[in-house]
Amino acid sequence: MYGYYPGCSLSGTAKEYDVSTRAIFKELGAELAEIPDWTCCGASAVESVDRDLAMLLPARNLALAEQRLDVDDILIPCSGCYLNLLNADQKARSDKEAMRAINQGLALEGLSYAGRIRPRHILDILLNDLGPDRIADRVARGFDDLLIAPYYGCQALRPYPVFDDPERPSSMTPLLHAIGARTLDWDMGGKCCGASLMTTHKDMALKLVAVILGEVGEADAVVTVCPMCQMNLESFQVQAFQVSGQKEFVSILYLPQLLGLAMGLPEESILLGKNMMVTEGVRKKLQGAFALPA
């Protein structure tokens, strides 16, 4: 069993990421226990306002999981949330003064953190705990006609290279191969999409998105593991193409959505209809995947 921290995005704009994550973990026989009374981790904004609060917000969620759940690891699908919780955990473990300050703040709510629990990204758990073989055993629909561009973004990989190489990430590849899909060998997997620059320095962010989408080539879709990346790559395509001149739209899917479809889950159970950018050609491929023999 894993503790589960959905975070704010997965409770709102990235609901499809949450629903598909829960669905595939159920299919894989892995139980998720949502952290009771979890709150925002601070996202990317709090640190610029209050560094102490930027530590306390994620630490509170760690403390709740440690004290109220019988688990060793917390599954975190959102890369931004993962980075914040991991950062708080790493600083608390390595700096006694930081641990003291964190627990002093948590004590106001009757909580404490001992550093016993591990925040882990969804990719880490899928690859290193459950594994490609377990995923392959659950495959009901073949996707050998799909060429996928795996996109990781920044926050799952930097500054803590816990489970993958931030310069040449590859942790998604065995998972995609397990469902029969081919993967694009490209250099954009770990490049920044602009993240929240899309609201503060939009011209720069659109250029970054345009470069990434321009390298997709013949791939059928980009697969992501980050709500911010997903939003930037799918909802700003038209504006990015005004920068680059590109004319072919690119389908953007969350990894658990594609894995869920491969496991035979219906589109409505992984909320494919909420995706902003799935081209008609890719949708036909997803719907027309052949059923594997029993």
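A short tour of the structure in this document, coming up. Small disclaimer: the values here were computed from a predicted structure and weren't measured.

### Quick word on the packing of aromatic side chains
The final tally for this structure, using the stated rule, is four aromatic pairs. Arranged with centres 5.4 Å apart and planes meeting at 75 degrees, the rings of Tyr5 and Trp38 form a pair that is edge-to-face. Placement of Tyr5 in the loop between β1 (2-4) and α1 (7-10) and of Trp38 in the loop between β2 (32-34) and α3 (51-68) is noted, with a sequence separation of 33 residues between them. Measuring from centroid to centroid gives 4.3 Å for Tyr17 and Tyr254, while their planes differ by 10 degrees, and the two rings are stacked. With Tyr17 in helix α2 (residues 15-27) and Tyr254 in strand β8 (residues 251-254), this pair connects stretches of sequence that are 237 residues apart. Of the residues examined, Tyr254 reaches a relative accessible area of 2% and is grouped as buried.

### Here we look at α2
Here α2 spans 19 Å end to end across 13 residues, near enough to the 18 Å set by a 1.5 Å rise per residue. Looking one or two places after α2, you find Gly29, whose phi comes out positive at around 75 degrees.

### Things to note about the nonpolar core
Ranked by internal contacts, the top residues of the largest apolar core, which has 79 residues, are Leu126, Leu255 and Leu258. Apart from residues lying up to four places away in sequence, Leu258 is in contact with Phe143, Leu146, Ile148, Leu176, Ile179, Val223, Leu253 and Leu286. Grouped together as the second largest cluster of nonpolar side chains are 24 residues, Met198, Ile212, Leu213 and Val250 included.

### Considering the layout of surface pockets
Quantified by volume, the second largest pocket comes out at close to 250 Å³. Considered class by class, the residues forming the lining of the second largest pocket number seven nonpolar, five polar and six charged.

### Overview of unusual backbone geometry
Of note, the bond from Arg158 into Pro159 is cis; its omega dihedral lies within 30 degrees of zero at 5 degrees. Positionally, Pro159 belongs in the loop between β5 (147-150) and α7 (172-178). Although it is not a glycine, Asp37 adopts a positive phi angle of roughly 60 degrees. Structurally, Asp37 can be placed in the loop between β2 and α3.

### Here we look at the environment of Leu147
Within the secondary structure layout, Leu147 lies in strand β5. Sequence separation between Leu147 and Leu176 is 29 residues; the distance between their C-alpha atoms is 9.6 Å. With near-sequence residues (within four places) excluded, Leu147 lies in contact with Arg182, Thr183, Leu184, Glu218, Ala219, Asp220 and Ala221.

### Looking at the sheet that holds strand β4 (residues 118-121)
On the basis of which strands lie adjacent, the open sheet formed by four strands has the order β2-β1-β3-β4 and parallel pairing. Two strands bound the open sheet, and with one partner strand each, they are β2 and β4. Across the sheet, the axes of successive neighbouring strands diverge by a mean angle of 40 degrees, strand direction being ignored. Where strand β3 (residues 73-76) and β4 come together, four bridges link them in parallel fashion. Opposite Ile76, over in β4, you have His121 as the bridge partner. Across the sheet, helix α6 (residues 122-137) is in contact with β1, β3 and β4; its angle to β4 comes to roughly 85 degrees.

### Considering the side chain of Gln257
Examined against the element boundaries, Gln257 turns out to sit in helix α12 (residues 255-262). When its relative accessible area of 0% is taken as the criterion, Gln257 is described as buried. Within the structure, the side chain of Gln257 is placed 3.0 Å from the backbone oxygen of Ile270, a separation counted as a polar contact. Apart from residues no more than four positions distant in its own chain, Gln257 is found in contact with Glu16, Ser20, Ile270, Leu271, Leu272 and Asn275.

The rules behind the values
- Residues numbered from 1 in each chain as written.
- Predicted model: local features only at pLDDT ≥ 70, side-chain atom pairs only at ≥ 80, totals over all residues.
- Heavy atoms only, no water.
- Phe/Tyr/Trp six-rings, centres within 6.5 Å; stacked < 30°, edge-to-face > 60°.
- Helix = DSSP H or I, 4+ residues; strand = E, 2+ residues; numbered from the N terminus.
- Buried < 20%, exposed > 50% of the residue type's maximum accessible area, 1.4 Å probe, protein only.
- Expected span 1.5 Å × (residues − 1).
- Core = buried A, V, L, I, M, F, W, Y, C linked by side-chain atoms within 4.5 Å.
- Contact = heavy atoms within 4.5 Å.
- 1 Å grid on protein atoms, 1.4 Å probe; cavity = no way out; pocket = protein on both sides within 12 Å on 5 of 7 lines; lining within 4 Å.
- Points joined across faces, edges and corners; volume = space filled by probe spheres on them.
- Nonpolar A, V, L, I, M, F, W, Y, C, P; charged D, E, K, R; others polar.
- Pairing = 2+ DSSP bridges.
- Axes fitted to C-alpha atoms, helices over the stretch in contact; angles between N-to-C directions.
- Polar contact = N/O pair within 3.5 Å; in protein donor to acceptor, adjacent residues only side chain to side chain.

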